[in-house]
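# Structure at a glance
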Amino acid sequence: SAASDVYKRQKLIITPTITQKLTDPSLESWFSATNLGSYTEDIAGSSTINRETTDPHGGTYCARMDIDATPSTCQFRQVAAHAIGFYRAAAWLKGSAGTGEKIAYGAETGSTPTNAEAYAALTTAWARYRRSTRTTSATTPIFYIKAVTAAGKSIYACLLYTSPSP
């Protein structure tokens, strides 16, 4: 019938709109070669966070976290514009040696992770690491990447992403 022919030709296409919730997710804005512009850096000892131009994953720069031998604290974070609810977080990461580098990433409220942290053991090739989680506090979540075990090594980060889950 004509009505069933029309029905067969019509398709419902749903395209979700996903909005980035971080400022400078590609890590292109730096105040200096050692000061990441839109993020708060937490470093101790002789660990550093540096602007890296060799082999960034997209764009001109990536962040290189050089971890001292102790290893001392080395992380960067940013308040994400999220309300309470489910969201996705992702980052492109790699390590300098491909053995022993381990990072934690996700969201926290204050200094407390909103859920169990996601950990990743890195390789020397760029790879996308992602997770979905839920914020449960009225405190705005903070997206972070921090070195867990990487004494004397480097961790590279590029193209961060966080958005509400549809």
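Computed from a prediction, not measured in an experiment: that's the story for all the values here.

## What to know about the environment of Ser-32
- Relative to the elements of secondary structure, Ser-32 occurs in strand E1 (residues 30-32).
- Since its relative accessible area comes to 31%, Ser-32 is described here as partly exposed.
- For Ser-32 and Arg-51, which are 19 residues apart along the polypeptide, the C-alpha to C-alpha distance reads 8.0 Å.

## Quick notes on the pattern of salt bridges
- The full count for this structure, using the stated rule, is four salt bridges.
- Lys-94 is paired through a salt bridge with Asp-55; the nearest N and O atoms lie 2.6 Å apart. Of this pair, Lys-94 sits in strand E7 (residues 85-95) while Asp-55 sits in the loop between strand E4 (48-52) and strand E5 (62-66), and the two are 39 residues apart along the sequence.
- For Lys-94, a relative accessible area of 10% puts it in the buried group.
- Asp-55 gets classed as partly exposed once you look at its relative accessible area, which sits at 43%.
- For Asp-66, the salt bridge goes to Arg-64, with nearest N and O atoms at 2.9 Å. In this structure, Asp-66 and Arg-64 share a single accessibility class: buried.
- Because the salt bridges share partners, they merge into one network encompassing Glu-52, Arg-64 and Asp-66.

## So, the side chain of Arg-64
- Mapped onto the elements of the fold, Arg-64 is located in strand E5.
- Of the polar contacts made by the side chain of Arg-64, one reaches the side chain of Glu-52; its length is 2.3 Å.
- When sequence neighbours within four positions are dropped, the list of residues in contact with Arg-64 reads Thr-48, Ile-49, Asn-50, Glu-52, Ser-154, Ile-155 and Tyr-156.

## Points about the pairing of strand E6 (residues 74-79)
- For strand E3 (residues 40-43) and E6, the ladder comprises four bridges, and the chain directions are antiparallel. Among the inter-strand pairings, Thr-40 is bridged to a residue of E6, identified as Arg-77.
- Pairing of E6 with strand E12 (residues 142-149), which is carried by five bridges, proceeds in the antiparallel orientation. Across the sheet, Gln-78 pairs through a bridge with Phe-143, a residue of E12.

## Observations concerning the side chain of Glu-52
- Of note, Glu-52 is situated in strand E4.
- Not counting residues within four places of it along the chain, the set of residues in contact with Glu-52 comprises Thr-60, Tyr-61, Cys-62, Arg-64 and Tyr-156.

## With respect to the packing of aromatic side chains
- Across all of its chains, the model carries one aromatic pair by this definition.
- The residue whose ring lies beneath Lys-94 is Tyr-156, and the NZ or CZ to ring-centre distance is 5.1 Å.

## Focus: the nonpolar core
- Residues Leu-27, Met-65, Phe-76, Leu-93, Ile-145 and Leu-160 are the most contacted members of the largest nonpolar core, which totals 26 residues.
- Of all the secondary-structure elements, those providing two or more residues to this core are E5, E6, E7, E12 and strand E13 (154-164).

## Some remarks on the environment of Lys-94
- Remark: the alpha-carbon pair of Lys-94 and Ala-127, spanning 33 residues in sequence, is separated by 6.6 Å.
- In this structure, Lys-94 is in contact with Asp-55, Leu-122, Thr-123, Thr-124, Ala-125, Trp-126, Ser-154, Ile-155 and Tyr-156, ignoring residues within four places of it in sequence.
- Of the polar contacts made by the side chain of Lys-94, one reaches the side chain of Asp-55; its length is 2.6 Å.

## Observations concerning unusual backbone geometry
- With a phi close to 55°, Asp-24 is a non-glycine residue in the positive phi region.
- Along the chain, Asp-24 turns up in the loop between helix H1 (2-9) and E1.
- Positive phi, normally seen in glycine, also occurs at Asp-55, with a value near 55°.

Conventions used here
Residues numbered from 1 in each chain as written. Predicted model: local features only at pLDDT ≥ 70, side-chain atom pairs only at ≥ 80, totals over all residues. Heavy atoms only, no water. Helix = DSSP H or I, 4+ residues; strand = E, 2+ residues; numbered from the N terminus. Buried < 20%, exposed > 50% of the residue type's maximum accessible area, 1.4 Å probe, protein only. Salt bridge = Lys/Arg side-chain N within 4 Å of Asp/Glu carboxyl O. Polar contact = N/O pair within 3.5 Å; in protein donor to acceptor, adjacent residues only side chain to side chain. Contact = heavy atoms within 4.5 Å. Pairing = 2+ DSSP bridges. Phe/Tyr/Trp six-rings, centres within 6.5 Å; stacked < 30°, edge-to-face > 60°. Lys NZ or Arg CZ within 6 Å of the ring centre and 35° of its normal. Core = buried A, V, L, I, M, F, W, Y, C linked by side-chain atoms within 4.5 Å.

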